[in-house]
Amino acid sequence: MLDNERPGGEGKKPRILVLDDEPIVVKRLKPAFEKAGYETETFTDSASALARFTQRPFDIVITDLKMEGMDGMAFLEKVKELSPDTGCVIITGFATLDTAKESFHKGAFDFVAKPFKLADILDVTKRLEEKMAGRHEEA
Amino acid sequence: MRKRSRLPRDPRDPRALSDLYEKDAPGGSNAPPGEDKDAGGAGKARALFSKFRTILDSNTAILTAIAQMERMLGGEYIFDRAYLEKSAREIADLTHRTVYAINAMTGDAHLDLYDRYAALNAEVEDILAGRRDPGAGIPVLPLRDIRLEDRVLVGDHAAALAEIAGRLELPAPDGFAVAEAGWAPSLTSGFASWPPRPLEQAVSGAVVDLYVRRGARRVLIATEAVTPEGEVRRTETEADCEAGQVLAALRQGMDQALAAFDPPPGDLAAFRGHSLVLAAPPEGALGQIRTLAGPEAGCKPLLAIHIRLNGSPGATDSYLASRNHPYLLRESRIAPKPLNKPLPDGRIPADPVSRAWLRGSAVLTPDDCAWLAGAAMAAERLLGEPLVLDFAHPYGGKPLFLGVRPLPADPACPADSDVPEAGEILLQGGTAACLGAASGMVIHVRENDAAADFPYGALAVARSASPQLAPILKRASGVVTELGDAAGHLAAVAREYRVPALFGARGALAALPQGALATLDAEARTVRRGGIAPVPHQGWELSPSDPEFLLLRRLLQRIASLTLTDPDAKDFTADNCRSFHDLIHFAHEKAVESLANMRRAGKGKDGAKARPIALPVPLCMRLLDIGGAAAAGDAPARIEDIRSRPLAAFLAGVCAPGMWDQAPARFGMGDVISAMDKTFAALSANPAHAGENLAIAARSYCNISLRLGYHFSVVDAYLSENSSKNAVYFRFVGGMAPIAARARRAQFLRNVLAGYDFKVETQGDLVVARLKMIEPARGEEILHILGRLTAFTRQRDTGLLSDADAAALETLFLEKSGLADCSDAKGDAHV
């Protein structure tokens, strides 16, 4: 990844991948993130999302947890294997303390229970972006 | 027990749940309801109280879940289908608990509730499973009974027209839809016989209704055929309002629509069909509005109106207007017309309108254009996308909308997805109750302002988010208030009409002066100077075209709607419960009644001892403590012994100085005559029940039934530290005076209660008021006022000889309550 493509690098916004098997979620999140200046790609199945991520990693991944096929936790693991610097946020309608702990253990930045306010997910993403920018500055 | 045994033994089976509840009940047993082993003692009372608490807890949890579901309509939250499924099933489970508990309390006196629960739950499960609506088998539906969520049954056009006519009350002709179920037998059988008997009967009934009740002589018929891929062909025709002719026209219309696809014989079963039959409007002009004019306006965001007189196809007038209030005309092209031909307003072009001017040949006046534009923009807000609306303008009559459909995007004019640029920030802050952007002229409104006087598309600005403002939201493009939040009733109404709303924005009245053009952006929580109306687009907002939006609406219909409001009405029965909300309301009323009756009948022998409350006013009241309502003791409870938070607040109001007027009431002969039937009824009633005042209370709950003279009132309140669970319900009815005086008393109560943001319904002398999700301190203040009102209004109806008396009474109440200087806080402030 080039410096000027990194979060905070010459003002370029991070690229975001959104994965949720419910079309209404990705349909609403994509224009919201794009309006906030992020380049956003959305997927409703984890296999396609993983194929795209393998082809070109994203700075930020926002993924649902409970999905057909590869679930969000497995997707999170794959993402971290492929790109440890990628920031991950879990969104789920089935939030439990155990799943929250597990996702943090596997490297998730935050864990957001559905339904959530649009402003909240944008806030989480902004915090993640700031953290990633700080990390790059330190490096 | 027969009815209950029909239910399947699943996790929601009452027989499975009964074990759980019996074990849960303190002092209870595993014996069947009504067969408590400890029937003679305090154990029975404790078991009953436990069941009652189950009902209270379930009700509170259900109302909280319903409120959260309703907030999803506001666009603020990202939710999914899984959330809707989870919420609906949780509410269903809690409702079932309530049904079980009321039967356990009453010795299975309400077994028919299980049947209603099972039927409603099946409907909810059908909706979640994507199965057809319960109305799917009905061949014909009156337009007035259709809403947007019925589009799957009747097609998009009928559903959209019914939605703007029903929800916004935009004028449209009466009519009916031939639903998919009406066409299905004919399409499936390849029109083996026409008309099928059920359709013939339904159409005949609907046509007779249009002819006899609505005076229709001709009807407009639109029929559409839909391919399995969703492609639509539509035909339009007219017929006499006679069943045979309408059926023939329906068949002909469908044949023509199908012919466009030229389907092979035998393939018709895969097609769907819908028709819309409307009473034809009287002679006049026909027009069309496009809420986004497109290339005609050089892609500027303007609205286009075209109209021509019947029989003059070439003579079309065209107008371009702005898309925000006051909808100024930017351009008009008027076709020449004969000087002596009448126009819709009844005049001819050569009529003089002033010393120097003639009427002219424009079909529409600027006021007509502004009204049409405002109504069309209200429809666009509701349906969430640019629209084409067909309308008729009869001679001497008002415009009628005949059809509404989405405006196809014009590739020549790309959509602008941003909120339009506006000037400096005039106001910032508050809570968004419904997201979206709106632009219009600021109009300050008060609770009692007539909605009909509010111009379509203006920006309403008010002191308080009072439920009384709900009718204005059918016309406003946006609403801003200084007080209120996203949990109140007006917020729910804003979401229902999809009106951007910002509540709790301090200083709004001063910052947004009357007549200023301003733009509200609820998401950014700002109001800016100037601006133009934004164009709806497919963005992150929740759109009425999203399946999840319609799913949520359909679920809320079965879950949240409340149709049973008056427990004394004849239709207050289990069979008439139309939603889970009705079921829990019914069960709660019966539970209170059951506890009150137990105390009256048992006189304490079953342990349900009701302790007198010693009050410094001449009011006899007893307390049935179901847990933590008062300090322990057998002596009469003093006010300072009361631990129930809502009851203590109410009693403090009852005993407030100046409220308990002990002067004899003013009685006239009319009062005595009107009370004679009640006097007889009172005399014939069980003497043990006369003058019965009972408070059933716990630490955070109270239900107070008061019978003061001929007045009967109920206060039901839950008040805890958790605002989302708090609710107050107030009912007042009766009196000795003639109905007109009692109605004035109802109006007085309505005015006072509305000032405290209650949602108030009145019918004759009955007043029902509700308020939910309030801060605990505010809840105490409100219960204090209810106590004052209860004391103050005793026998006051007999003095209400005129409306002026009612106004004077309100002033007197406010003065005696020390609130006269606070009228500003009740929404009277204007800048």
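For the structure itself, consult the block above.
In this report, we go over the structure that sits alongside the text. Remember, it's a predicted structure, so these values are computed and weren't measured experimentally. (Residues numbered from 1 in each chain as written. Chains lettered and ligands numbered in written order. Predicted model: local features only at pLDDT ≥ 70, side-chain atom pairs only at ≥ 80, totals over all residues. Heavy atoms only, no water.)

### Some remarks on the overall build of chain B
Put simply, the rule is: Counting from the N terminus, the helices are DSSP H or I runs at least four residues long and the strands are E runs at least two residues long. The contact definition used throughout considers only heavy atoms, calling two residues in contact when any of these lie within 4.5 Å. For every accessible area listed, the method is Shrake-Rupley and the probe measures 1.4 Å; residues are considered covered only by the protein chains on display.
When its secondary structure is counted, chain B shows 21 helices and 29 strands. Relative to all contacts within chain B whose residues are 6 or more apart in sequence, the contacts with residues 24 or more apart total 63%. For chain B, the exposed surface amounts to about 33,600 Å²; the carbon and sulfur share of it is 53%.

### Describing the sheet that holds strand S28 (residues 759-763) of chain B
Residue and element names in this part refer to chain B. What counts, and what does not: Between any two strands, at least two bridges found by DSSP are needed for them to pair. Every axis corresponds to a line fitted to the C-alpha atoms, with the helix fit spanning only the stretch in contact, and the corresponding angles, defined between N-to-C directions, vary from 0 to 180 degrees.
Taken in spatial order, the nine strands line up as S23-S21-S22-S24-S25-S26-S27-S29-S28 in an open sheet, and their pairing is mixed. Each having just a single partner strand, strand S23 (637-638) and S28 make up the two edges of the open sheet. The sheet contacts of helix H16 (residues 645-654) involve strand S21 (611-614), strand S22 (621-627), strand S24 (694-698), strand S25 (701-708) and strand S26 (711-718), and relative to S25 the element is tilted by about 35 degrees.

### Here's the deal with the packing of aromatic side chains
Convention followed: The pairing test for Phe, Tyr and Trp rings, Trp by its six-membered ring, is centres within 6.5 Å, and the orientation test on the planes gives stacked under 30 degrees, edge-to-face over 60, and tilted for anything in between. When accessible area is computed with a 1.4 Å probe and restricted to protein chains, residues below 20% of their type maximum are described as buried, those above 50% as exposed, and intermediate ones as partly exposed. In this scheme, the term charge over a ring applies when either NZ of a lysine or CZ of an arginine sits within 6 Å of the ring centre and within 35 degrees of the ring normal.
Evaluated as defined, the whole model comprises 17 aromatic pairs over all chains. Ring centres 6.3 Å apart and planes at 20 degrees place the aromatic pair tryptophan 371 of chain B and phenylalanine 401 of chain B in the stacked group. One end of the pair, tryptophan 371 of chain B, is in helix H11 (residues 366-383); the other, phenylalanine 401 of chain B, is in strand S12 (residues 400-406), with 30 residues separating them in the sequence. Residue tryptophan 371 of chain B is classed as partly exposed on the basis of its relative accessible area of 27%. Ring geometry for phenylalanine 748 of chain B and phenylalanine 792 of chain B: centres 6.2 Å apart, planes at 50 degrees, overall tilted. With phenylalanine 748 of chain B in helix H19 (residues 739-754) and phenylalanine 792 of chain B in helix H20 (residues 776-792), the pair connects residues that are 44 residues apart, well separated along the chain. Connected via pairs of aromatic rings, a cluster forms that spans Trp371, Phe391, Phe401 and Tyr456 of chain B. Here the basic side chain of lysine 66 of chain A rests over the ring of phenylalanine 94 of chain A, its NZ or CZ set 4.0 Å away from the ring centre. When the ring centre of tyrosine 456 of chain B is taken as reference, the NZ or CZ atom of arginine 475 of chain B above it lies at 4.2 Å.

### Re the sheet that holds strand S10 (residues 329-333) of chain B
Residue and element names in this part refer to chain B. Here we have six strands laid out as an open sheet, ordered S10-S9-S8-S7-S11-S12, and antiparallel in their pairing. The sheet terminates laterally at S10 and S12, the two strands that pair on one side only. Sheet twist, expressed as the mean angle between neighbouring strand axes with direction ignored, is 15 degrees. Where strand S8 (residues 302-309) meets strand S9 (residues 316-322), seven bridges bridge the pair, whose relative direction is antiparallel. Its bridge partner lying in S9, alanine 304 is registered against leucine 320. The sheet strands contacting helix H7 (residues 156-166) are strand S11 (387-394) and S12, and the helix crosses S12 at an angle near 125 degrees. Its contacts with the sheet place H11 against strand S7 (284-290), S8, S9, S10, S11 and S12, and it is angled at close to 140 degrees to S11.

### Regarding the nonpolar core
We apply this condition: Buried Ala, Val, Leu, Ile, Met, Phe, Trp, Tyr and Cys residues that are joined via side-chain atoms within 4.5 Å together make up what is termed a nonpolar core.
Grouped together as the largest cluster of nonpolar side chains are 136 residues, with contacts concentrated most on Leu29 and Ile121 of chain A together with Phe52, Ile164, Phe401 and Leu555 of chain B. Ranked by residue count, the leading element in this core is helix H4 (residues 81-106) of chain B, at 12 residues. Residue contacts for isoleucine 121 of chain A: discarding those within four places in its chain leaves Leu29, Phe33, Ile62, Val89, Ile91, Val112 and Phe116 of chain A. Among the nonpolar cores identified, the runner-up in size contains 54 residues, and Trp660, Ile704, Tyr756 and Leu786 of chain B belong to it.

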